[in-house]
Amino acid sequence: MLVATTAFTIPPRPIDRSASDTNDLVPVTATVDLAALRHNVRALQARAQGADLMAIVKADGYGHGALPVTRVLHDEGVRYFAVARPAEGVRLRKNGVADRILILGAPFPNDLSVYAKHDLDLTISSADTAAAACEHGPWVQPLRVHVKVDTGMGRIGLPLDEAPVVIRRLSGAPGIHLAGVWTHFATADEPESDFAQTQLDRFEAVLDELGADPSVSPDHIHAANTGALLTLGSRAHRHSAPLVRTGIALYGLTASRPLGDRIDLTPVMRLRARVTHLKTVPPDTPISYGATWRAPRPARIATLGVGYGDGYPRLCSGRASVRIGGTERPIVGTVCMDMCMVDLGPPDAPAAQRVEVGDEATLFGAAPPTLYDVADWAETIPYEICCSLSPRVPRRYVDASTDTTATGRVSPPSSRPQPRI
Ligand SMILES: *Cc1c(COP(=O)(O)O)cnc(C)c1O
């Protein structure tokens, strides 16, 4: 009723298409809780025991918004950031981020001037990239390089037998500053992984070989990601000048639930969608594409304004539930691009009686269903769920947990928490 009334009372004037106004017209919102982000980075700083943190904000901060996330983390003392690709780093620079930014992906030799121009740290991923970095100077300022050693991830990086030679060569090269030597684990998310330990041993063998050479002194040595921090612990960052690269845990998540039990994190993102349509249907009424679900009894059906076009997985069809009307109710039928349907139960069920058009349902949040649940239904990892939220979902930034929507009713805009950023 609220929405209909609001729409009716808007006076006839030219439509204002500014972003915030149109966002209010979108039936789905991802709320990003910056207080939770602060809580998580503090927990990670404590866990890293003095190692510097490198916050990973690739893929638009795992879908949370790289810029607001970076600003909050800078406030919390983080001075090292990383993204996957140069374009992501340039975007941060253009928006005033002055901290160190490492590009984790392998560079194309022709793109090295972009790194120099925007003061981005470069990953040396092969002997050829090392040669290109040496040849392409001199830059106005030294090119800052982090040499990636492939100890078993098998993605990018120098093979073990080439790494020491290349690192020595870069150490002495004019116009090059050795900012880091690093590796990446393939299985650190698995507690007691022998292979993670093997990778660590290989990495340390390379470091030992270099240790004898006083001309080689990288600013940082880094191996740990979130998984390694939580499973290998200080073994993964006991090197001189350690750095811990952490991504998913900043956002209050880990690769799996058991890993999440090892540290006190708060989920940062909550996804909510409004009811756009309600109806009561007789038994045997088919719902959605393919008519794969039929009402087993008279059913109150709510249509939510969210679908796979927003990044809510189609694999959730017939598997997922949402929090609506104070309880959890199932998504029935196929998830569409822009909508999905929820069975509120028989018409006299409490949820069926309570829910109105314009009310909000939570697709994932602090209370179940959580993002872990959605990842399970979609047969994937939490990373993919938050990264896949599409740009058409407005992100609303709040600075305290506001998960108090007992009824799920949308509050009028004036009483909504104001975005800080
Ligand atoms: C994405 C990424 C990370 C962060 O991993 P999390 O599991 O999110 O902590 C660290 N290092 C590299 C090389 C990455 O690509």
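Check the entry above for the structure.
The residue numbering used here restarts from 1 in each chain and proceeds along that chain's sequence as written. Restriction of local features to residues with pLDDT of at least 70 applies here, the model being predicted, together with a cutoff of 80 or more for giving and counting side-chain atom pairs; totals for whole chains, interfaces and linings are based on all residues. For the side-chain quantities, the full set of heavy atoms in the structure was used; hydrogens and water were omitted.

A word on the site of the ligand
Near the ligand lie 14 residues; those nearest to it are Lys 58, Tyr 62, Thr 226, Ile 248 and Tyr 383. Any N or O atom pair separated by 3.5 Å or less is treated as a polar contact, with the protein-specific requirement of one donor-capable and one acceptor-capable atom, and with residues adjacent in sequence counted only for side-chain atom pairs. Residue Arg 245 places a side-chain N or O atom 2.9 Å away from a nitrogen atom belonging to the ligand. Reported accessibility uses the Shrake-Rupley method at a 1.4 Å probe radius. Residues are deemed covered only where the shown protein chains occlude them. For the ligand, the accessible surface in isolation is 390 Å², of which the surrounding protein chains cover 93%. The numbering of helices and of strands both runs from the N terminus, where a helix is a DSSP run of H or I of at least 4 residues and a strand a run of E of at least 2. Of all elements in the fold, only α4 (58-62) and β9 (242-246) reach the threshold of two or more residues within the shell around the ligand. Here the nonpolar group is Ala, Val, Leu, Ile, Met, Phe, Trp, Tyr, Cys and Pro; Asp, Glu, Lys and Arg are the charged ones; every other residue, Gly included, is treated as polar. When the residues that make up the shell around the ligand are grouped by side-chain class, the tally is six nonpolar, five polar and three charged. Think of it this way: one heavy atom of a residue within 4 Å of a molecule or strand is enough to make that residue near it.

A look at the packing of aromatic side chains
Ring geometry is summarised as follows: Phe, Tyr and Trp rings, the Trp one being its six-membered ring, pair when their centres sit within 6.5 Å, and such pairs are stacked at plane angles under 30 degrees, edge-to-face over 60 and tilted between the two. This model, assessed by the stated rule, comprises two aromatic pairs. With centroids separated by 6.0 Å and ring planes inclined at 35 degrees, the aromatic side chains of Tyr 62 and Tyr 383 adopt a geometry described as tilted. Of this pair, Tyr 62 sits in helix α4 while Tyr 383 sits in helix α15 (residues 382-387), placing them 321 residues apart in sequence. Here the term buried applies to any residue with accessible area under 20% of the maximum for its type, exposed to any over 50%, and partly exposed to those in between, with areas from a 1.4 Å probe on protein chains only. Accessibility expressed as a relative area gives 5% for Tyr 62, which makes it buried.

Here's the deal with the pattern of salt bridges
Should a side-chain nitrogen of Lys or Arg be within 4 Å of a carboxyl oxygen of Asp or Glu, the pair is scored as a salt bridge. A complete count under the given rule lists 20 salt bridges for this structure. The salt bridge partner of Arg 392 is Asp 310, with a shortest N-O separation of 2.7 Å. Of this pair, Arg 392 sits in the loop between α15 and β18 (395-398) while Asp 310 sits in the loop between β13 (299-304) and β14 (321-324), and the two are 82 residues apart along the sequence. Judged by its relative accessible area of 40%, Arg 392 falls in the partly exposed class. For the salt bridge of Asp 343 with Arg 329, the shortest nitrogen-to-oxygen distance reads 3.9 Å. Here Arg 329 lies in strand β15 (residues 327-332) and Asp 343 lies in strand β16 (residues 340-343), a separation of 14 residues in the sequence. Exposure remark for Asp 343: the relative accessible area of 3% places this residue in the buried category. Each member of the salt-bridge network shares a partner with another, and the members are Arg 100, Asp 119, Asp 121, Arg 144 and Asp 219.

Considerations on the state of the cysteines
The disulfide definition used here is simple: a pair of cysteine sulfur atoms within 2.5 Å. Under the defined criterion, the tally for this structure stands at zero disulfides. Unpaired in terms of disulfides, Cys 316 finds its nearest cysteine sulfur in Cys 340, a separation of 8.7 Å. Of the cysteine sulfurs around Cys 386, a residue in no disulfide, the closest is that of Cys 387, at 5.0 Å. Given a relative accessible area of 0%, Cys 386 falls into the buried group.

What to know about unusual backbone geometry
Looking along the chain, the bond that leaves Pro 368 and enters Pro 369 is cis, with omega of 0 degrees. By secondary structure assignment, the location of Pro 369 is in the loop between β17 (360-364) and α14 (371-377). Non-glycine residue Glu 192 carries a positive phi angle of around 60 degrees. Within the element layout of this structure, Glu 192 appears in the loop between β7 (176-182) and α10 (194-211). On the accessibility criterion, Glu 192 (67% relative accessible area) is exposed.

As for helix α6 (residues 86-94)
Buried residues of α6: Gly 89, Val 90, Leu 92 and Arg 93, and no others. Axial view of α6: buried residues confined to an arc of 160 degrees, hence all on one face. Residues of α6 that are exposed and point over 90 degrees away from its buried face: Ala 87 and Lys 94. Of the surrounding elements, those touching the buried residues of α6 are α5 (66-75), β3 (80-83), β4 (100-103) and α7 (112-118). By construction, the arc corresponds to the directions joining the helix axis to the C-beta atoms. Residue contacts are defined here by distance: any two heavy atoms, one from each residue, within 4.5 Å place the two residues in contact.

A word on the side chain of Thr 303
Counting through the fold element by element, Thr 303 comes out in strand β13. What makes Thr 303 buried here is its relative accessible area of 5%. Thr 303 has contacts with Arg 274, Val 275, Thr 276, His 277, Lys 279, Met 339, Cys 340 and Met 341, leaving out every residue within four places of it along the chain.

Topic: the packing of helix α3 (residues 34-47) against α5
Two elements in contact, α3 and α5, have axes separated by 10 Å at closest approach and are oriented at 50 degrees. Here α3 lies oblique to α5, going by the angle between them. Taken as a pair, α3 and α5 cross one another with a handedness that is right-handed. Between α3 and α5, the residues in contact are Leu 34, Leu 37, Arg 38 and Val 41 and Val 69, Val 72, Leu 73 and Asp 75, respectively. Here an axis means a line fitted to C-alpha atoms, over the contact stretch when the element is a helix, while the angle between two N-to-C directions is reported on a 0 to 180 degree scale. Convention used here: angles under 35 degrees read as roughly parallel, angles over 145 as roughly antiparallel, angles from 65 to 115 as roughly perpendicular, and any remaining angle as oblique. The sense of a crossing depends on the near helix, which, turned anticlockwise from the far helix by less than a right angle, makes the crossing left-handed and, turned clockwise, makes it right-handed.

What about the nonpolar core?
In this structure, Ile 167, Leu 304, Tyr 312 and Ile 324 are the most contacted members of the largest nonpolar core, which totals 121 residues. For every domain, the bounds stem from an assignment made automatically or drawn from a database. Residues lining this core come from more than one domain, with at least three contributed by each of domain 1 (34-258) and domain 2 (269-380). Leaving out residues up to four positions away in the same chain, Ile 167 has contacts with Val 147, Val 149, Leu 178, Val 181, Val 206, Leu 210 and Val 216. For this analysis, a nonpolar core means a set of buried residues of the types Ala, Val, Leu, Ile, Met, Phe, Trp, Tyr and Cys, connected via side-chain atoms within 4.5 Å. One finds Trp 293, Ile 301, Cys 336 and Met 341 within the second-largest nonpolar core, a separate group that totals nine residues.

Any link to function would need more than the numbers given here.
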